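Survey of secondary and tertiary structure
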Amino acid sequence: MTVGQRLASRIAARGPIPVSEYVEACLYDPDGGFYMRGGRAGGRSGHFLTAPEVGPLFGAVLARALDGWWAQLGEPAPFTVIDWGAGPGTLARSVVAAEPRCLSAGALEWIALERSPAQRALHPDHPAVRSAARLSDVLPQPAQAGVVMANELLDNLPFDIVRRTAGGWEELRVAAGEAAGRRGFSLVGEPAPDEFVAGLPDLAVGARVPVQREARDWVAGAHQALGAGWIVALDYGADTRTLAERAGPSDDPGAGLGWLRTHRHHQGGSSWLAEPGSCDIATDVDLDQVQADHRAAVCSQAEFLRDHGIEDLVAEGRAAWDDRAAVGDLMAMRARSRTSEAEALLDPAGMGAFSALVWTVG
């Protein structure tokens, strides 16, 4: 039985289900979820690119940032970095390769958290790196000092959807078959629970926005995981009103959700309500909602990377290329690649426009 068939049976027994339940099954159903089947970020073998997959420069910048934070905390040992949503472990590999001082001093304890066994199997085999499905498996008590890192994690946490009507708010749920009024899956409206819409601004009739309770809960859980340090989330997102504008009002609740994204083999635009488990499903992060209980310092990803020395690293790369261009060895090529990597990471129309949210803990 496929993921879609199991979901259809569930809907037949219970009626339309929350979007978050549908998305959870599409991504993490043990027998057919996108990530459980091996879907992941990466180049030829992946379905989409995140900053660490652009090249090693992103990890090198983060290594510099980690050394700075480690120094601010008084160089504690252990210095715990929780890489939440580690995927195939690319970020861990690039940080280790950059050899930050906290690593060479034996202080760095890197915890790569990833739900998918297929992706955990790809994590680096290094003494400083531990791989786990759940934080409690490797860290039963809060880390005394460190950093929680979430690179494009919040957009991938299951979400719900609400729509403004003339009479108030309705929750959009996933229906199937005859309940959907068409073959397959579609969205139907039901009165929204009060807790779904608490704190939402007064939007125009027809406006549709995600409800990101899991992302908000993740922020609270990340605060509880650290005694002192920083939580860093890098992701694409906007405030609630902007997200409503991206979707636009529509009589069809599932049409044109401009803040909802799918990825399959580096191609977007797949129908998220077709062939459950066949593609990634993500949403632009609602910056209002994820900061409802904990306010963060917010800047663009480009600003974050510049603050932590990306331009110095690019200059080093150019100098190394000038020295070794005639040799043309691997070291020279890696140095040269820093320029193109920086262009992608700082692109104001792409990754550079992502939001960097930084919470200080303790």
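Report follows, based on the coordinates. On a predicted model such as this, the values are computed, not experimentally measured, just so you know.

Attention now moves to the overall build of the chain. In terms of regular secondary structure, the chain is built from 15 helices and 16 strands. Across the 362 residues of the chain, 56% fall into the buried class. Within the chain, contacts between residues at least 6 apart in sequence are counted, and of these 74% link residues at least 24 apart. For the chain, the exposed surface amounts to about 15,800 Å²; the carbon and sulfur share of it is 49%.

Bringing the side chain of Q291 into the picture now. Residue position: Q291 is located in the loop between helix 12 (287–290) and strand 15 (297–300). Taking relative accessible area as the criterion, Q291 reaches 5% and is therefore assigned buried. Here the side chain of Q291 touches A296 through a polar contact of 3.0 Å, landing on its backbone nitrogen. Apart from the residues lying within four places of it in its own chain, the contact partners of Q291 are A296, V298, L357 and W359.

One pass over the full model with this rule turns up 18 salt bridges. Ionic pairing is found between E75 and R101, a salt bridge with its closest N-O pair at 3.5 Å. Pair noted here: E75 is in the loop between helix 4 (57–72) and strand 2 (79–84) and R101 is in helix 6 (residues 101–104), with a separation of 26 residues, a long-range link. The class for E75 is partly exposed, based on a relative accessible area of 41%.

Turning to the packing of helix 4 against helix 5 (residues 90–98), a few remarks are in order. Closest axis-to-axis distance for the helix 4/helix 5 pair is 8 Å, and the angle between their directions is 65°. Crossing geometry of helix 4 relative to helix 5 is assigned as right-handed. Here F58, G59, A60, L62, A63 and L66 of helix 4 come into contact with helix 5, specifically with L91, S94, V95 and A98. Broken down by class, the residue content of the contact of helix 4 with helix 5 amounts to eight nonpolar, two polar and no charged.

With that out of the way, let us pick up the nonpolar core. If you look at the biggest cluster of nonpolar residues, it comprises 46 residues, and the most contacted ones within it are L62, L66, W69, F79, W110 and I310. Every residue in contact with L66, bar those within four places of it in the chain, is listed here: F79, V81, V95, C102, W110 and V147. I17, Y22, F34 and L257 belong to the second largest nonpolar core, which has 30 residues in total.

Strand-to-strand pairing in sheets goes through backbone hydrogen bonds, with the strands running parallel or antiparallel. In spatial order, the strands read 4-3-2-5-10-16-15; together these seven strands make up an open sheet with mixed pairing. Each edge of the sheet is formed by a strand with only one pairing partner; in this case those strands are strand 4 (129–132) and strand 15. Shown here is a sheet whose adjacent strand axes are inclined to one another by a mean of 15°, direction ignored. Where strand 2 meets strand 3 (residues 108–113), six bridges bridge the pair, whose relative direction is parallel. Among the inter-strand pairings, V81 is bridged to a residue of strand 3, identified as W110. Of the strands in this sheet, strand 2, strand 3, strand 5 (146–151) and strand 10 (229–235) touch helix 4, which is tilted by about 155° from strand 5. With respect to the sheet, helix 10 (residues 213–224) is in contact with strand 2, strand 5, strand 10 and strand 16 (355–361), its orientation differing from that of strand 10 by roughly 155°.

For the rest of this paragraph, the subject is the side chain of H223. Locating H223 in the fold gives a position in helix 10. The contacts of H223, once residues within four sequence positions are left out, are I231, H294, W359 and V361.

On to the packing of helix 1 (residues 3–14) against helix 2 (residues 19–28). Packed helix pairs are characterised by how far apart their axes lie and by the angle those axes make with each other. Two elements in contact, helix 1 and helix 2, have axes whose closest approach is 10 Å; the angle formed by their N-to-C orientations is 155°. Compared by their axis directions, helix 1 and helix 2 come out roughly antiparallel. The handedness of the crossing between helix 1 and helix 2 comes out as right-handed. Of helix 2, the residues touching helix 1 (which contributes V3, L7, R10 and R14) are E21, Y22, A25 and C26.

The next point concerns the packing of aromatic side chains. Considering all chains together, one arrives at nine aromatic pairs under this definition. Considering the side-chain rings of Y28 and Y35, the 5.5 Å spacing of their centres and the 25° angle between planes classify their relative orientation as stacked. As far as the burial class goes, Y28 and Y35 line up, both buried. Aromatic pair F34 and Y35: ring centres 5.1 Å apart, planes at 75°, arrangement edge-to-face. Each of the two residues, F34 as well as Y35, counts as buried. Positioned over the ring face of Y28 is R115, at 3.9 Å from the centre of the ring. The aromatic ring of Y236 is capped on one face by R261, whose charged end is 3.9 Å from the ring centroid.

Turning our eyes to something else, we now look at the environment of G33. In this structure, G33 sits in the loop between helix 2 and helix 3 (51–54). Spatially, the C-alpha atoms of G33 and C279 are 8.9 Å apart, while their sequence positions differ by 246 residues. With residues near it in sequence (within four places) discarded, G33 still touches V3, A25, C26, L27, Y28 and G277.

A separate point is the pairing of strand 2. Consecutive residues of a regular strand have side chains that alternate between opposite faces of the sheet. The buried fraction of strand 2 amounts to six of the six residues, a majority that puts the element mostly inside the structure. Of the two faces of strand 2, both are covered, the one formed by F79, V81 and D83 as well as the one formed by T80, I82 and W84. Bridge count between strand 2 and strand 5: four bridges; the pairing is parallel. What sits directly across from V81, in strand 5, is V147.

Scoring rules and cut-offs
- Residues numbered from 1 in each chain as written.
- Predicted model: local features only at pLDDT ≥ 70, side-chain atom pairs only at ≥ 80, totals over all residues.
- Heavy atoms only, no water.
- Helix = DSSP H or I, 4+ residues; strand = E, 2+ residues; numbered from the N terminus.
- Buried < 20%, exposed > 50% of the residue type's maximum accessible area, 1.4 Å probe, protein only.
- Contact = heavy atoms within 4.5 Å.
- Areas by Shrake-Rupley, 256 points an atom, 1.4 Å probe, with all protein chains shown as cover.
- Polar contact = N/O pair within 3.5 Å; in protein donor to acceptor, adjacent residues only side chain to side chain.
- Salt bridge = Lys/Arg side-chain N within 4 Å of Asp/Glu carboxyl O.
- Axes fitted to C-alpha atoms, helices over the stretch in contact; angles between N-to-C directions.
- Left-handed = near helix turned anticlockwise from the far one by under 90°.
- Nonpolar A, V, L, I, M, F, W, Y, C, P; charged D, E, K, R; others polar.
- Core = buried A, V, L, I, M, F, W, Y, C linked by side-chain atoms within 4.5 Å.
- Pairing = 2+ DSSP bridges.
- Parallel < 35°, antiparallel > 145°, perpendicular 65-115°, else oblique.
- Phe/Tyr/Trp six-rings, centres within 6.5 Å; stacked < 30°, edge-to-face > 60°.
- Lys NZ or Arg CZ within 6 Å of the ring centre and 35° of its normal.

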